[in-house]
Amino acid sequence: MADDYIELFLKWSPGADQDFVRSWLEQRNLTNMKMKFGLLVSGTKAAIQNAFSVSLANVQPPIELPIPPELKAHVASVTFPKPRSYHA
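In this text, all values refer to a predicted model and were calculated from it rather than measured experimentally.

Basis of the calculations
Residues numbered from 1 in each chain as written. Predicted model: local features only at pLDDT ≥ 70, side-chain atom pairs only at ≥ 80, totals over all residues. Heavy atoms only, no water. Core = buried A, V, L, I, M, F, W, Y, C linked by side-chain atoms within 4.5 Å. Buried < 20%, exposed > 50% of the residue type's maximum accessible area, 1.4 Å probe, protein only. Helix = DSSP H or I, 4+ residues; strand = E, 2+ residues; numbered from the N terminus. Contact = heavy atoms within 4.5 Å. Pairing = 2+ DSSP bridges. Axes fitted to C-alpha atoms, helices over the stretch in contact; angles between N-to-C directions.

Asks: I would appreciate a short explanation of the nonpolar core in the present structure.
Replies: A general tendency of soluble globular proteins is for nonpolar side chains to be buried together. Within the largest apolar cluster, 24 residues are counted, with the highest numbers of intra-cluster contacts made by L8, L10, L25 and F52. Secondary structure elements with two or more residues in this core: β1 (5-12), α1 (18-27), β3 (38-44), α2 (45-52) and β5 (75-80). For L8, the contacting residues outside a window of four places in its chain are L39, L40, V41, I48, F52, L65, V78, T79, F80 and P81.

So this is what it looks like as structure tokens:
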């Protein structure tokens, strides 16, 4: 994975404490932006690996990341999507 900057899609569970999740992500140096059903989460490869306790070495997206125990009650899924291809 050549790019050090990664974007993830986080989908809410019903009744999620969204403020808690956003704060948890920010404490781990991850930015987030509200989307219709969740958040767009972004950060460096290192920050994402640390926050989600995964190694992204030799990973080919799309993949589902494990949900940290602190977020299980609030988050239905965290997806590392396949990057879009843009042509000029």
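Alright, that's what it looks like, and here's the rest.
Asks: Explain the sheet that holds β1 here, please?
Replies: The pairing of strands in a sheet comes from backbone hydrogen bonds and takes either a parallel or an antiparallel form. Strands sit in the order β2-β3-β1-β5-β4 across an open sheet of five strands; the sheet is antiparallel. The open sheet has two edge strands, β2 (31-34) and β4 (63-64), and neither has a second partner. Relative to β3, β2 is paired through four bridges, and the arrangement is antiparallel. Within β3, the position partnered with M33 by the bridge is L40. Docked against the sheet, α2 engages β1, β3 and β5, running at close to 120 degrees with respect to β3.

Asks: Got a minute to help me understand the environment of V75 in this structure?
Replies: Structurally, V75 is set in strand β5. In this structure V75 comes out as buried when scored by relative accessible area, which is 3%. As for V75 and P14, which are separated by 61 residues in sequence, their C-alpha atoms are 8.5 Å apart. The residues contacting V75, other than those within four sequence positions of it, are L10, K11, S13, V21 and I67.

Asks: Got a minute to help me understand unusual backbone geometry in this structure?
Replies: Note that the residue after P61, namely P62, is joined by a cis bond; omega there is 10 degrees. Its location among the elements puts P62 in the loop between α2 and β4. Within the chain, S53 stands out as a residue other than glycine whose phi angle is a positive 50 degrees. Topologically, S53 is positioned in the loop between α2 and β4.

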